[in-house]
Amino acid sequence: MSAAEVARHLIKTCGSLGEFQSYMFGSSLFGIGSDYDILIVGPSGEPLSRLKAEIRIAAEELPLDVLYMLPSEAEKTGFVANEGCVTLSQMADCDQGEPVANDQGD
Amino acid sequence: MTWQVKFARSNVTGVAGVTSVEPEGNEALRITVQDQPDVLAVISPAHRMNAAAAARYHDQYPTMDFLCGYRTSCIWEGDAIRYLEENKIGWGTIGTLNSVLPKGSVNSAAHKDFVFSDRLLRQTRSVANIVREFDQVHTVTLVSGRTLRIGMIMQYEPTADSVRSLWDQFGAVDIAWNINPNGRPTQDAIEAGRELGCEVVQWDDLKAIMKKG
């Protein structure tokens with residue numbers, strides 16, 4: 001499964017993703033590595049529990065390594081820009097094999 | 001071939017010295033490495049590995065050299081670790097397997113995220129006894145008699161969710177230890193620990209806590 005297909009799969013199957021900012025980062029972007037690195041930025045509590053349950057089902061046959069951050073943590077660490085994270089929606093729009101432009105402004 | 005074996009096969013194929021990777025049954029790979037004995041690695045999709053599951057894989061593959069939990073998030077119970085180590089079967093992630101294949105030390109390999117920290121605790125003078133409850137949770141009895149339950153967090157920047165998830169998955173800990181030597185727990189992570197009732201620390205702080213007794 002390509003990184004774009006993984007992004008499409010997650011967007012399609014995880015209804016709560018719309019309440020969060022979601023990204024892919026790391027070697028997954030280049031189709032290498034043993035799993036797909038996903039960053040989720042958003043609130044904790046019930047919405048996060050709901051999303052985690054959805055992701056667990058979506059990842060039943062998919063190796064995902066998911067990092068969850070509060071918006072304040074994402075801002076303070078500068079993780080999105082530093083790691084060259086790309087939004088899942090941007091990934092989903094990519095054709096297989098097409099290079100992905102990092103979205104550092106999101 | 002199961003999904004995790006497909007992923008693992010593709011991943012192991014690129015490791016230096018590996019000359020062939022062939023499926024064996026539904027859940028294992030026979031790996032040939034230059035100048036090393038062949039390796040039989042069982043690749044599991046389990047979210048959690050206990051001793052019974054490890055023994056089942058061993059029954060199914062009696063010559064298993066390594067048990068791989070393909071999910072990064074796979075939790076290894078202490079009994080499973082003891083079973084595997086007593087039977088000279090390596091265990092851990094696909095990254096663990098890949099790192100030991102060229103060295104030929106597959107059967108003695110342990111989860112590479114935690115092996116160094118586990119050793120560090122065992123070599124600490126102020127520690128009298130250690131019970132490894134999970135891959136990343138140890139109950140440590142200090143020479144002073146005090147007991148500490150220590151949970152390890154590998155991430156470079158542990159977040160509030162890392163600390164809360166540690167509690168959700170393993171129960172209360174006294175210490176959330178950020179074992180990444182270059183790690184920097186976020187302020188939110190430290191606050192989350194405070195709210196839950198544990199300290200979020202790095203090695204130097206933990207060493208001082210244990211020395212103090």
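Residues numbered from 1 in each chain as written. Chains lettered and ligands numbered in written order. Predicted model: local features only at pLDDT ≥ 70, side-chain atom pairs only at ≥ 80, totals over all residues.

## Points about the overall build of chain B
This is how it is decided: Helix and strand labels come from DSSP, where a helix needs a run of H or I of at least four residues and a strand needs a run of E of at least two; each type is numbered from the N terminus. We take the radius of gyration over the C-alpha atoms and set the globule estimate at 2.2 Å times the residue count to the 0.38 power. Three exposure classes are used. Buried residues have 20 or more other C-beta atoms within 10 Å of their own C-beta, exposed residues have 12 or fewer, and partly exposed residues fall in between, all C-beta atoms being placed from the backbone. Note that contacts rest on C-beta atoms placed from the backbone: two residues are in contact if these are within 7 Å.
A tally of helices and strands in chain B yields eight helices and twelve strands. Relative to the globule expectation of 17 Å for 213 residues, the C-alpha radius of gyration of chain B, 18 Å, shows essentially globular dimensions. With respect to the principal axes defined by its C-alpha atoms, chain B has extents near 50 × 35 × 30 Å. Relative to its 213 residues, chain B shows a buried fraction of 40%. Considering only intrachain contacts with a sequence separation of at least 6, the fraction spanning at least 24 residues in chain B is 55%.

## Here's the deal with the sheet that holds strand β2 (residues 36-41) of chain A
All names here are of chain A. Here is the rule we go by: Whether two strands pair comes down to DSSP finding at least two bridges between them.
One open sheet accounts for four strands, arranged β3-β2-β1-β4; its pairing is mixed. Strands with a single pairing partner mark the edges of an open sheet, and in this sheet they are β3 (64-69) and β4 (86-87). Where β2 meets β3, six bridges bridge the pair, whose relative direction is parallel. Its bridge partner lying in β3, L39 is registered against L67.

## Describing the domain arrangement of chain B
All names here are of chain B. Cut-off, in case you're wondering: An automatic or database domain assignment provides the domain bounds reported here. Any residue outside Ala, Val, Leu, Ile, Met, Phe, Trp, Tyr, Cys, Pro, Asp, Glu, Lys and Arg is labelled polar, Gly included; the first ten of those are nonpolar and the last four are charged.
According to the domain assignment, chain B contains domain 1 (3-108) and domain 2 (115-212). Inter-centroid distance (C-alpha atoms) of domain 1 to domain 2 is 27 Å. Contacts between the two partners involve five residues from domain 1 and, on the opposite side, five residues from domain 2. Those elements that provide at least two residues to the side of domain 1 that touches domain 2 are β6 (75-76) and α3 (78-86). When its residues are assigned to classes, the side of domain 1 that touches domain 2 shows three nonpolar, one polar and one charged.

## Remarks on the nonpolar core
Selection criterion: A set of buried Ala, Val, Leu, Ile, Met, Phe, Trp, Tyr and Cys residues, joined to one another through C-beta atoms within 7 Å, is what we call a nonpolar core.
Membership of the largest hydrophobic core comes to 88 residues, with the highest contact counts inside it found for M24 and L39 of chain A together with A41, F66, L67 and C68 of chain B. For this core, the domains that each give at least three residues are domain 1 (3-108) and domain 2 (115-212) of chain B. Discounting chain neighbours no more than four positions away, the residues touching F66 of chain B are V39, A41, I89, G90, W91, L97, V106 and A109 of chain B.

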